[in-house]
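Secondary and tertiary structure notes
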There are 4 protein chains.
Amino acid sequence: MLRFESDYLEGAHPAILEALVDSNFEQAPGYGTDPHCERARDLIRGLCEAPVAQVHFLVGGTQTNQTVIAALLRPHQGVVSATSGHIYTNESGAIEATGHKVLALPTEDGKITAEQVRKIHADHFDSPIAEHKVQPGMVYISHPSETGTTYSLEELTELSRACRELGLPLFMDGARMAYGLAARPEVSLSQIARLCDVFYIGGTKVGALFGEAVVIPNPALMPDFRYHIKQRGGMLAKGRLLGIQFEVLMADGLYERLGRRAVEQAGRIRAALAEQGFGFRYDSLSNQLFPILPKAARESLGREFSFSLLQRLDDDLAVIRICTSWATTDEAVDRLIAHIKQL
Amino acid sequence: MLRFESDYLEGAHPAILEALVDSNFEQAPGYGTDPHCERARDLIRGLCEAPVAQVHFLVGGTQTNQTVIAALLRPHQGVVSATSGHIYTNESGAIEATGHKVLALPTEDGKITAEQVRKIHADHFDSPIAEHKVQPGMVYISHPSETGTTYSLEELTELSRACRELGLPLFMDGARMAYGLAARPEVSLSQIARLCDVFYIGGTKVGALFGEAVVIPNPALMPDFRYHIKQRGGMLAKGRLLGIQFEVLMADGLYERLGRRAVEQAGRIRAALAEQGFGFRYDSLSNQLFPILPKAARESLGREFSFSLLQRLDDDLAVIRICTSWATTDEAVDRLIAHIKQL
Amino acid sequence: MLRFESDYLEGAHPAILEALVDSNFEQAPGYGTDPHCERARDLIRGLCEAPVAQVHFLVGGTQTNQTVIAALLRPHQGVVSATSGHIYTNESGAIEATGHKVLALPTEDGKITAEQVRKIHADHFDSPIAEHKVQPGMVYISHPSETGTTYSLEELTELSRACRELGLPLFMDGARMAYGLAARPEVSLSQIARLCDVFYIGGTKVGALFGEAVVIPNPALMPDFRYHIKQRGGMLAKGRLLGIQFEVLMADGLYERLGRRAVEQAGRIRAALAEQGFGFRYDSLSNQLFPILPKAARESLGREFSFSLLQRLDDDLAVIRICTSWATTDEAVDRLIAHIKQL
Amino acid sequence: MLRFESDYLEGAHPAILEALVDSNFEQAPGYGTDPHCERARDLIRGLCEAPVAQVHFLVGGTQTNQTVIAALLRPHQGVVSATSGHIYTNESGAIEATGHKVLALPTEDGKITAEQVRKIHADHFDSPIAEHKVQPGMVYISHPSETGTTYSLEELTELSRACRELGLPLFMDGARMAYGLAARPEVSLSQIARLCDVFYIGGTKVGALFGEAVVIPNPALMPDFRYHIKQRGGMLAKGRLLGIQFEVLMADGLYERLGRRAVEQAGRIRAALAEQGFGFRYDSLSNQLFPILPKAARESLGREFSFSLLQRLDDDLAVIRICTSWATTDEAVDRLIAHIKQL
């Protein structure tokens, strides 16, 4: 069985394992205060062209979303998100557990627009009983989104402008950042650092064993963030492990390279599916594909390959999800394409 | 500089790194559902002689304490702990962040007694206005405690009996479990599984990169625990990493061996300190030592070795903490002892 | 200006004020432990034919919803509600502030069905990644609903059956209970006590200065509820004030009478509006009316009467809300009807 | 049985009941937006010489403490309080339920000092691992304290200065404010408004049916406080009831008069107890007395009068609490004194 159901199926890029082995018996202080973390922070500041940014390393995505959102909001505020947002659908109520409502906006493609944000803000503050409702306090987006789509530079610029005019910090979940950078090169890390108030560069799905790097371009926004990390259980005792991994990922263009490669592999699979006449539920150019397949094709494919079943459309058709990742081999893609051509 | 200030200074035991490298390109489902986790669970059930126990893997200690306590308590209940308990002093309010008060009991040596638990329970339920106060809902202990002491089998048996009579689940924080097993062999994992309602076997401080294994001997106690792990941000996407590490640690007596070795090294250092006439703040037989040193001795030691300053007693004397760990070498201990002999 | 915008515009029924004056210098113990509360509890148990029910008095509706829901749910659970539910739209995130998500079901008329509850339950528990989502833990309904509709006995029976089969406590918000009893007499308090697991009888909107009586027919469901009331700030020091008010309301059929009268007044207004050819947004037979009026009619009406603007349908038409209450006089209704006839 | 066990045994001052009756059929908008509330706010601003102060009315003390504290703190912060503080001992974990730890300072007399506040602040921020601990975020005091003592103007001035230098908002719980004003006239409402950042003027224990008036001298400190009130369940639908009561209490010196009278009554009882040779546990000059009585005296007294048993000192002696209030009559005090003289 070849697995394509997610982008965290394997361990880590070999260069990361090597760095962990090499540094294993160094003695380092804990909790992210070691030299590896310092160097990784500097690399990230450089790539983001954000010289005074705070950079913090956390272990996983749900933890990062929860910690950032709880740190930014006041008790009476909620976070604006697409209905497809990971925080709304797949985090077991982690945001609500910190006391905050997710204010969900309808979306067709996983993205939200500046106009939607302006509207929910106006609807709230124009209400004569605003204080009976949850106040929008920040905006959460993901790039790429949960449906594989990405924001154009123009879309992101407009969203950022709306957020800043309205006083709503803009937070980008970058769990799959490398795949977004590859799918939409015009939106670079430095553009993101310029347009978002806080974002993270995902490691777990892009070659690390685990780890997400939170970037806060203006450090005045979240002055006590280390307390929040500790309080939410996200401060790794051996913080060096995060530093070492991001030192490797962020050096010599490795992170971007891993992203590009996975996106190219996905492109080959997409072309094969399209050639066979299959449609797609979402127009994703990143590492996730959402083809619509009849039952027979799904069953045939399922005998050799694993994928996720996303949504049944009728008795026959269903949307599945196929993911590539930094670890996807040419051979695996070749075998999948060969199979697709026979569907 | 040789470091003795904590027991998480190095990476992982080489056998763990090797297992991570060997398994790196296996494709495995996420979130703890992979075969490595299954095997590690079985090993732990075996060592604990708890055949139906639920075993869950989390990343770190604060996260584990927070998740277990929030899962066990009802909103109006608090957790009973020693004033020295990690949850009371060093977790940035992680327990309160889930809505619960820590009901702290005074302690001289880091341990609490069955009698104290009976008293706080009676004081609460005998009050005519009990509902105006926080109801004791469970008991938290650590073994070894934050001051290096351990519960005797008799003490633990009495505490367990009190807790069960009073309907208070007993939770043991085992972040340093291996060192407790070595310092107090009569209290074995199977005794702990018999006497505690939930406990964890710490990996972070005993040879793992990270990881804590929560054991729930009676699975009916916490039926939906996986939801709680996910909600608190503790469910590692690549859960295999936890499974692989505990497979190594729990096999062939490695975990106990690592504990014994660190405790022997601590014993050698303790003997050297005692021989020089230094007293100890806490009577610890585990891997942490709390000698009382005059300023001159601290300064001399500090030129070559790192340690933690715990408490100033007067202008001259202070308590320091010296830790050994699974990674402490004979050479490091020899050098430290040689230095101590010249103080 | 005659006001029809809500049902809490006046003080209290004169008999309640009289009872407060008469009892004013009695000395009574606090927090709901006084004889008035005891008598009021007995009256309620009698009316509900629920002889062992726990009865608790709280001050207001949001507080009651928050306290009941937080007391019933476990941290990983959410409360199922209609999208129009008060807890979803108008309580400033009070439920989320206790850590719980509101799982909103679409509704046209403010009610949810047994089938919807079965579906959301099945969707959750059939998911292979259920623990990544919020578990449905209870069901919240309001009767009458926020749109004035009421559950038929059959609908409520089916909903109750579904909830019990699925292990989901059914909670009825009865802030306007008297108006529901009048609009739908087949659903009596004793039927409600038989079919719901917890509900409240609203006083604030039906003749009391304030106060909601929570009824828990099976006291084993929520054994420590007084702690929850205190913790959420809902335990009134002079609890007697709640007892005294419910003693008056629950005696001699006053509560039902007040409800019937307001519903009759609403019926007269509804008939006048219908006669003039106005449509209604919701098919309410209780004390709230939701007529659709053109701009000119709204402006004309607004010169003499206050009402709430609920929703603009187009440039001309909008839905308004007109409420009657226990305090609405014949004269006020006559004047309103006279005005309507000239629209 | 004459009751002296608390200061909320009776209903309300007759002038309040009269005002409620007189205004009963006025129609008023809800939630504190009515003219009575506006007038009461103006009266309070005048008495406090705080012309731009925000004034909000809540129903009870625990609710007020919870709402103010949760509104002021950030998630990683705790509230500093005396160990005798109501929020630490008698609110069922209401503060922790909002996610915050109460950082308790030892006290002999129910008060905390500027020096203690400076020390806890320094201890925290001087710690090399501050982010592993709860950050002090504000200071809570009560005046009079739970043990009847009051802050001198000098003590309060020093505390205020320390808080402002350290950036810690100072919050005064004034549940018994009138009795404090009477016991310590130098500390007037305008002094309190100058020295505290937020405080409340208690109505429940001083002649109102219920109600606490929160005063925020600098409105910029808590700009969205109405949201917090609503979210915590404290926004009374018929807010007018609070406005009407405070209109009466705050006019013509009634509030101060009620306080003075109760304190005089307490003074007479204190003198009688002292004359009989009984000692006092706390040196209270306000409306609460804490005499130390032998068993025989307690039993004799208990046959005619109710009081609270606070603390057993040995087999014979115990501390009791005797309260007077706005409603305590001369006759009741005469009877109590006559009995005391025969002890």
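Residues numbered from 1 in each chain as written. Chains lettered and ligands numbered in written order. Predicted model: local features only at pLDDT ≥ 70, side-chain atom pairs only at ≥ 80, totals over all residues. Heavy atoms only, no water.

Structural notes on the sheet that holds strand S7 (residues 198-202) of chain A
Residues and elements named next belong to chain A. Convention followed: At least two DSSP bridges between two strands are required for those strands to pair. Put simply, DSSP marks the helices as runs of H or I at least four residues long and the strands as runs of E at least two long, and each gets a number from the N terminus on. Convention adopted: a line fitted to C-alpha atoms gives each axis, helices being fitted over their contacting stretch, and angles between N-to-C directions are expressed from 0 to 180 degrees. Any pair of residues with heavy atoms lying within 4.5 Å of one another is described as a contacting pair.
Here seven strands make up an open sheet; going across it, the order is S2-S8-S7-S6-S5-S3-S4 and the pairing mixed. A strand with exactly one partner marks an edge of an open sheet, and here the two such strands are strand S2 (54-58) and strand S4 (102-105). Each neighbouring strand pair of the sheet contributes to a mean axis angle of 25°, computed without reference to strand direction. On top of the sheet, helix H3 (residues 61-72) reaches S2, strand S3 (77-82), strand S5 (135-142), strand S6 (170-173), S7 and strand S8 (212-216); it is set at about 170° to S7, its chief contact.

Re the interface of chain C and chain A
Here is the rule: Accessible area, probed at 1.4 Å, shrinks when two parts are joined; the buried area is that loss added up over both. Should a side-chain nitrogen of Lys or Arg be within 4 Å of a carboxyl oxygen of Asp or Glu, the pair is scored as a salt bridge. Two N or O atoms count as a polar contact when they lie within 3.5 Å, although within protein this holds only if one can serve as hydrogen donor and the other as acceptor, and sequence-adjacent residues are included solely when both atoms are side-chain atoms. Gly is put with the polar residues, along with every residue not named as nonpolar or charged; the nonpolar set is Ala, Val, Leu, Ile, Met, Phe, Trp, Tyr, Cys and Pro, and the charged set is Asp, Glu, Lys and Arg.
Listed per partner, the contact involves 16 residues of chain C and 16 residues of chain A. Of the roughly 1300 Å² buried where chain C meets chain A, counting both sides, 39% is carbon and sulfur surface. Taken as a group, Ser 92, Glu 96 and Lys 101 of chain C account for 39% of the area that chain C buries against chain A, more than any other trio of residues on that side. Summed over the shared surface of chain C and chain A, the result is zero salt bridges. Remark: the boundary between chain C and chain A carries 10 residue pairs in polar contact (both at pLDDT 80 or more). Its residues assigned to classes, the side of chain C that touches chain A comprises four nonpolar, seven polar and five charged.

A closer look at the pairing of strand S12 (residues 308-312) of chain A
Residues and elements named next belong to chain A. When S12 meets strand S13 (residues 318-323), the two strands line up antiparallel, connected through four bridges. Within S13, the residue paired with Gln 311 across the bridge is Val 319. Counting the residues between successive antiparallel strands, the hairpin from S12 to S13 contains five residues.

So, the relation of the copies chain C and chain A
Worth spelling out the cut-off: The least-squares superposition of copies is restricted to C-alpha atoms, and to residues with a pLDDT of at least 70 in both copies.
Superposing chain C onto chain A takes a rotation of 180° combined with a translation of 0.0 Å along the rotation axis, leaving an RMSD of 0.0 Å. With respect to symmetry, the two chain copies, as superposed, fit the operation of a two-fold axis. A share of 100% of interface residues in chain C that are also interface residues in chain A marks the association as one of identical surfaces.

Thoughts on the packing of helix H1 (residues 14-22) of chain A against helix H1 (residues 14-22) of chain B
Defined as follows: Should an angle fall under 35 degrees it is called roughly parallel, over 145 degrees roughly antiparallel, and 65 to 115 degrees roughly perpendicular, with every other angle called oblique.
For the pair H1 of chain A and H1 of chain B, interaxial distance at closest approach is 11 Å and the crossing angle is 170°. Taken as axis vectors, H1 of chain A and H1 of chain B run roughly antiparallel relative to one another. Contact residues: H1 of chain A offers Leu 17, Leu 20 and Val 21 of chain A, while H1 of chain B offers Leu 17, Leu 20 and Val 21 of chain B.

Here's the deal with the interface of chain C and chain D
At the junction of the two partners, chain C supplies 46 residues and chain D supplies 47 residues. When chain C packs against chain D, the two sides together hide about 3900 Å² of surface, and 56% of this comes from carbon and sulfur. Per-residue buried area on chain C facing chain D is highest for Tyr 8, Gln 27 and Lys 238 of chain C; these three make up 18% of the total on that side. Where chain C packs against chain D, one counts zero salt bridges. Across the contact surface, chain C and chain D share 30 residue pairs in polar contact (both at pLDDT 80 or more). Taken together, the elements giving at least two residues each to the side of chain C that touches chain D come down to strand S1 (2-3), helix H1 (14-22), helix H3 (61-72), helix H9 (225-231) and helix H10 (240-250) of chain C.

Observations concerning the sheet that holds strand S2 (residues 54-58) of chain B
All names here are of chain B. Here we have seven strands laid out as an open sheet, ordered S2-S8-S7-S6-S5-S3-S4, and mixed in their pairing. Of all strands in the sheet, those bounded by a partner on one side alone are S2 and strand S4 (102-105). Adjacent strand axes in the sheet meet at a mean angle of 25° when their direction is disregarded. Lying over the sheet, helix H10 (residues 240-250) contacts S2, strand S7 (198-202) and strand S8 (212-216), oriented at roughly 115° with respect to S2.

Observations concerning the relation of the copies chain C and chain D
Under the fitted operation, chain C is carried onto chain D by 0.0 Å of movement along the axis and a turn of 180°, and the coordinates agree to an RMSD of 0.0 Å. By residue overlap, the copies meet face to face through one surface: 100% of the interface positions of chain C are interface positions in chain D.

Structural notes on helix H3 (residues 61-72) of chain B
All names here are of chain B. As a reminder, the rule being used: Multiplying one less than the number of residues by 1.5 Å gives the expected span of a helix. Categorising residues by exposure relies on relative accessible area from a 1.4 Å probe, with only protein chains included: less than 20% of the type maximum marks a residue as buried, more than 50% marks it as exposed, and the intermediate range marks it as partly exposed.
Its 12 residues place the ends of H3 17 Å apart at the C-alpha level, agreeing with the 16 Å of an ideal helix rising 1.5 Å per residue. Most of H3 sits inside the fold, with 11 of its 12 residues counted as buried. Residues of H3 that are buried: Thr 62, Gln 63, Thr 64, Asn 65, Gln 66, Thr 67, Val 68, Ile 69, Ala 70, Ala 71 and Leu 72.

Considerations on the packing of aromatic side chains
Keep this limit in mind: Under the pairing criterion, centres of Phe, Tyr and Trp rings, with the six-membered ring standing for Trp, must be within 6.5 Å; the plane angle then separates stacked pairs below 30 degrees from edge-to-face pairs above 60, leaving the rest tilted. The rule is short: NZ of Lys or CZ of Arg within 6 Å of the ring centre and within 35 degrees of the ring normal puts a charge over the ring.
Overall, the coordinates contain 30 aromatic pairs over all chains when judged by the stated rule. Both rings, one in Tyr 140 of chain A and one in Phe 171 of chain A, keep their centres 5.8 Å apart while their planes meet at 65°; by these two values the pair is edge-to-face. Of this pair, Tyr 140 of chain A sits in strand S5 while Phe 171 of chain A sits in strand S6, placing them 31 residues apart in sequence. Classification of Tyr 140 of chain A as buried rests on a relative accessible area of 2%. Cluster of aromatic residues (ring-pair linked, three or more members): Tyr 140, Phe 171 and Tyr 200 of chain A. One cation-aromatic arrangement involves Lys 111 of chain B over Tyr 151 of chain B; the distance from NZ or CZ to the ring centre is 5.6 Å. Between the NZ or CZ atom of Lys 101 of chain D and the centre of the ring of Tyr 88 of chain B, over which it lies, the distance is 3.9 Å.

In short, the description is geometric, and any link to function would need to be established separately.
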